[in-house]
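Chain by chain, the residues run as shown.
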Amino acid sequence: KGAFLNDIEKTGAKIILSSSVENVYDKPTGRLEFKAKEINPRVWIRFLGEDFKPMDRTALLNLNAEGTFDLSETALESHNLNIELDDSRISSQALIQFKPTPYVEFDVSLDEADLDRYLPPNENQSLTPETAALGATTLPNELLRQLNGKGEIRIAKLKISDIEIEDINVKGEAAKGLINLSPLKAKLYKGIYDGDITIDARTQNTTIKIASNLKNLDLAPLIYAKTKSRTLNGITTIELNLDGTGKSSEQLIETLSGNCRFIVENGVF
């Protein structure tokens, strides 16, 4: 215990905890309040024995957090959980219910974040709701069937893979293997994205349905962000309606079929 506390002191973090718990062995109830300041995440990563270096030298240097957790016999609930990581601000609330059935509910808001700063050097990842949904299908069906709950994520501004996206809103619900992400909304380069994704893991083979469209996308700044060239101009509309089924993400990708439309208006090459 003493060595552990000495190591925490070396990180420079200032942590204040206040808690009270009653009936621990019978029907536990209580509250935990915490406030942490001046945390250097890189020091903690090294403290945990990991060797991770983000692309940006100024990333992962400052973390402040505070919040309140209420514990009962049936649930754990967080209130006013606020996190400041570098230049990003996150606020959230969550409910984790243990009894009578497992259930999760959360609400998360993020003002802005540049995810490219936190990737390892020379690693460039693209993330869309479609790829995230396909990634979720790699989880075992038994685990997907245990997911029950709902949540909402709002992000004012996000940069990933050199692409800037604004006004992201994601709502989702899960019940016994049926997962629906709807609506999915965002804005990027004057275009408006709207999507609806359903994953059904209630049977032996998982099925996925993707219905999404991106309207009035300005190609010029998007292509410049990715390639630093100005080879193509135009206003683009993309529509996807795809279905797939399989026991793995590879099978789902191989069986994806449906209708796709790609339209460019006033195009200049």
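Conventions adopted
Residues numbered from 1 in each chain as written. Predicted model: local features only at pLDDT ≥ 70, side-chain atom pairs only at ≥ 80, totals over all residues. Heavy atoms only, no water. Helix = DSSP H or I, 4+ residues; strand = E, 2+ residues; numbered from the N terminus. Areas by Shrake-Rupley, 256 points an atom, 1.4 Å probe, with all protein chains shown as cover. Patch = residues over 30% accessible without salt bridge, like charges linked within 9 Å, V, L, I, M, F, W, Y side chains within 5 Å. Salt bridge = Lys/Arg side-chain N within 4 Å of Asp/Glu carboxyl O. Buried < 20%, exposed > 50% of the residue type's maximum accessible area, 1.4 Å probe, protein only. Pairing = 2+ DSSP bridges. pLDDT = per-residue confidence, 0-100. Polar contact = N/O pair within 3.5 Å; in protein donor to acceptor, adjacent residues only side chain to side chain.

**Concerning the overall build of the chain**
Scanning the chain for helices and strands turns up six helices and 13 strands. As presented, the chain carries roughly 16800 Å² of accessible surface, and 55% of it is formed by carbon and sulfur atoms.

**A look at a nonpolar patch on the surface**
Nonpolar side chains collect at one region of the surface, where Val-21, Val-24, Tyr-25, Leu-71, Ile-96, Phe-98, Val-104, Phe-106 and Ile-153 lie side by side and expose about 820 Å² of accessible area between them. Looking at the secondary structure, you find Ile-96 in strand S5 (residues 88-97). Taking the relative accessible area as the measure of exposure, Ile-96 reaches 37% and is therefore partly exposed.

**So, the pairing of strand S8 (residues 163-175)**
Of the pairings in the sheet, the one linking strand S7 (residues 148-160) to S8 comprises 12 bridges and is antiparallel in character. Across the sheet, Lys-159 pairs through a bridge with Glu-164, a residue of S8. Counted between consecutive antiparallel strands, the loop separating S7 from S8 contains two residues, among which Ser-161 sits at a positive phi close to 55 degrees. Judged from the seven bridges that link them, S8 and strand S9 (residues 178-188) form a sheet pairing that is antiparallel. Bridged to Gly-172 within S9 is Leu-181. Between S8 and the antiparallel strand that follows it, S9, lie two residues; Lys-176 among them carries a positive phi value of about 55 degrees.

**So, the pattern of salt bridges**
All told, the structure shown has 14 salt bridges when counted by the stated rule. A salt bridge links Lys-99 to Glu-73, with the shortest nitrogen-to-oxygen separation between them at 4.0 Å. Taken together, the positions of Lys-99 in the loop between S5 and strand S6 (103-114) and Glu-73 in the loop between strand S3 (63-71) and strand S4 (75-85) put the pair 26 residues apart, joining distant regions of the chain. Relative accessible area serves as the criterion here: at 34%, Glu-73 is assigned to the partly exposed category. The partner of Arg-154 in a salt bridge is Glu-152, and the shortest N-O contact between them spans 3.4 Å.

**Considerations on the pairing of S7**
Sheet topology note: the S6/S7 ladder contains 10 bridges and is parallel. Bridge assignment links Glu-112 to a residue of S7, and that residue is Lys-157.

**Brief notes about the confidence of the model for the chain**
Per-residue confidence for the chain averages 86 on the pLDDT scale, and 90% of its residues sit at or above 70. Across the chain, the element-wise mean pLDDT spans from 47 in helix H1 (residues 2-10) up to 96 in S5.

**Some words on helix H5 (residues 219-227)**
Here H5 has its buried residues at Leu-219, Ala-220, Leu-222, Ile-223 and Ala-225. Regarding H5, its N-cap is Asp-218, as a side-chain oxygen of that residue lies 3.4 Å from the backbone nitrogen of Ala-220 further along. Just downstream of H5 lies Lys-228, where phi reads positive at about 60 degrees.

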